[in-house]
Amino acid sequence: MKKKAIAWVLTAVIALSCCGCGSTGDNAGAASDGTQAAATEAGGAAENGGALTEVSSDPSEWPVVSIQVPALTDLPDEPIVEDALNEYLVSINAGVKANLVQSSFGDLANQLTLMLSDNQNPLDLFCWRFYSTLDGCVKNEQCIPLDGYMEEYSDMWAIFPENVLKTQQIGGVQYAVPSVDSYGTYEVYNLQKDIAEELGIADRDGERITKEEMTQIMKNVVEKHPEMAAMINTNDEPFIGIDTFGNSNWLGVLLNRGVGTTEVVNLYETQEWRDYCYMMKDWADAGIFIDDPLNNELTISQYNNGIAAGCFLGGYSADYIKALIAYSPYESVQFQLTDLVGTSSSVLGGWMISTVCKNPDAAMKMLYLMTMDENVARIMILGVEGVHYTVDEKGIARRPEGVTQATSTWNQDCPWFYPNQCLSIPLETEMTTYYTDMLDAPNHAQFSEAMGFVFDSTPVYDQMAACTTVVAQYRDALLYGLVDVDSYLEKFNEELKAAGIDDIIAAEQEQFDAWRAAQ
């Protein structure tokens, strides 16, 4: 198969020599422990979705499934990883082969939009994370329903909690396989350890603090280090305390992150939002933010490059969060801000079969293997053992000597993007329970009353578009304390009312009530 790579500057459709999916294959076997599976011999046919049939004895005749793989930079070892993956697929008589298609996070919107409309060189399997939303992909007719595969691949669907599966449904129709995760977020304020030591608070690592205590810590940081910011991005839903139904403009939310409440409210006219805006104004006046936040990069790179001494981070535990940023040049201490809570927004991705896929059965078989087969998952996540990593005596993956995240020839730093990261092993960390704790985390989380609810915005499409424009005009200035809160918030809410936010709230409440009644 001809190898290829996306051009990182130009927006272009990838030229895939083995495009689409063919028509043959077999069914993969059952999971041995709920998270791993070995492929087994061929299964039976299924109409309108099911097992592949008529497996050829010649692997060169097998259908080739094109699969999105995330890239932070160009991945020169894509051919090596693809070959290793296909060698394994042949060894288990999988009946399908893989064509790995790099997608750059920096140009994801353009790349995927083009590939998901290309009937000649289709992208068969993709994840909506960072690209769109479940609702957006369905409305744009970029994915197909997966209900026809529920019986044939029942062991795969069984590894997900019911409320998690529902986050990938619209109108009761399953459109995506959710990515395995903790399904909950525990938020912390992450601070450089050397600065925490200067302030005499390093021994409070892991301590639960209030918003007021956090504010004082950050003020102390910038007083000690006026050349640094103490916070990067304040657009933090867990810290604000809302369940947004997955809408990044927060047009209708549940307060308290949806725990114990079912009333949909307009956040922007609540006292909670007003108080938050005043706190942001206080932070801005104290010099806590990065200079010119509306025109500056607001990512963790500002922490890693020393511009900001601290930032929000989230995960399922303090140990996990520290492991996530083990690559950072700074040791850190962390202060707990919230409980572990799951909302629909905590399910951060879902894998879909595109509408341009020429053989959905082959794509579904591959998606099953990506979700249930340990070797398939590990090759895609970590690359080739002995080339891209070795495994130490603790079962931890280690990069070759001298190789870093920046110089690695395969992207090993986005395991969470794939269908089942828990089939892999931890990378460059001392946390041996990195994935086993992740699987256990949902047993210790609280969940929003709306976990699994997906709002259909069709009835209020015009109002959503109009309110989105208003939010873009007003919200960020409030989030970074750049304006007078009272006067600006008054104008903000006047324009939201005129744009139809009350209609949106009413529609959300109606659908949410109906959804709850049907559970």
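Residues numbered from 1 in each chain as written. Predicted model: local features only at pLDDT ≥ 70, side-chain atom pairs only at ≥ 80, totals over all residues. Heavy atoms only, no water.

### Details of the overall build of the chain
Put simply, the rule reads: Secondary structure elements are defined from DSSP: runs of H or I of at least 4 residues count as helices, runs of E of at least 2 residues count as strands, and each element is numbered from the N terminus. Residue burial is assigned from relative accessible area. The probe radius is 1.4 Å, only protein chains are included, and a residue is buried under 20% of its type maximum, exposed over 50%, and partly exposed in between. Note on definitions: a residue-residue contact is assigned when non-hydrogen atoms from the two residues lie within 4.5 Å. Only the protein chains shown count as cover for residues, with accessible areas throughout obtained via the Shrake-Rupley method and a probe of 1.4 Å.
Across its full length, the chain carries 17 helices and 18 strands. Each of the 519 residues in the chain was classed as buried or not, and the buried ones make up 57%. Residue pairs at least 24 apart in sequence account for 77% of intrachain contacts in the chain once pairs closer than 6 positions are excluded. Entry remark: accessible area of the chain is about 20600 Å², with carbon and sulfur atoms responsible for 48%.

### Concerning the environment of Arg204
The residue Arg204 is located in the loop between α6 (193-199) and α7 (211-224) in this model. Accessibility expressed as a relative area gives 22% for Arg204, which makes it partly exposed. Distance in space between the C-alpha atoms of Arg204 and Phe335 is 7.6 Å, their sequence separation being 131 residues. If we ignore the near neighbours within four places in the chain, the residues touching Arg204 are Ile209, Glu213, Gln334 and Phe335.

### Side note on the pairing of strand β13 (residues 332-336)
Quick reminder of the rule: Paired strands are those between which DSSP finds at least two bridges.
Within β13, five of the five residues are buried, leaving the element largely enclosed by the surrounding structure. Burial of β13 is two-sided: the residues Ser332, Gln334 and Gln336 facing one way and the residues Val333 and Phe335 facing the other way are all buried. As defined by bridge partners, strand β9 (residues 186-192) adjoins β13 across five bridges and the pair is classed as antiparallel. Across the sheet, Val188 pairs through a bridge with Gln336, a residue of β13.

### Some remarks on the environment of Gln421
Quick reminder of the rule: Polar contact criterion, stated in full: a pair of N or O atoms within 3.5 Å, where within protein one must be able to donate a hydrogen and the other to accept it, and residues adjacent in sequence count only if both atoms are side-chain atoms.
Mapped onto the elements, Gln421 comes out in the loop between β17 (397-398) and α14 (434-440). Put simply, Gln421 and Met370 are 51 residues apart on the chain and 9.6 Å apart in space, counted from C-alpha to C-alpha. Aside from chain neighbours lying at most four places away, what touches Gln421 is Val180, Asp181, Ile381, Pro415, Trp416, Tyr435 and Met438. For Gln421, the side chain forms a polar contact with the main-chain oxygen of Val180, separated by 3.2 Å.

### Notes on helix α2 (residues 108-115)
Filter applied, for reference: The arc in question is formed by the directions pointing from the helix axis toward the C-beta atoms.
Of all the positions in α2, only Leu108, Gln111, Leu112 and Met115 are classed as buried. The buried residues of α2 occupy one face: seen down the axis, they fall within an arc of 85°. Against the buried residues of α2 lie β3 (64-71), β4 (97-104) and β5 (125-127).

### Some points on helix α1 (residues 78-91)
Here is the rule we go by: Helix span, as expected, comes to 1.5 Å for every residue beyond the first.
An ideal rise of 1.5 Å per residue puts 20 Å on 14 residues; α1 measures up with 20 Å between its terminal C-alpha atoms. Elements in contact with the buried residues of α1: β4, α12 (360-372) and α13 (374-382). Positive phi appears at Asn93, one or two residues downstream of α1, with a value of about 55°.

Nothing here speaks to function; it is geometry throughout.
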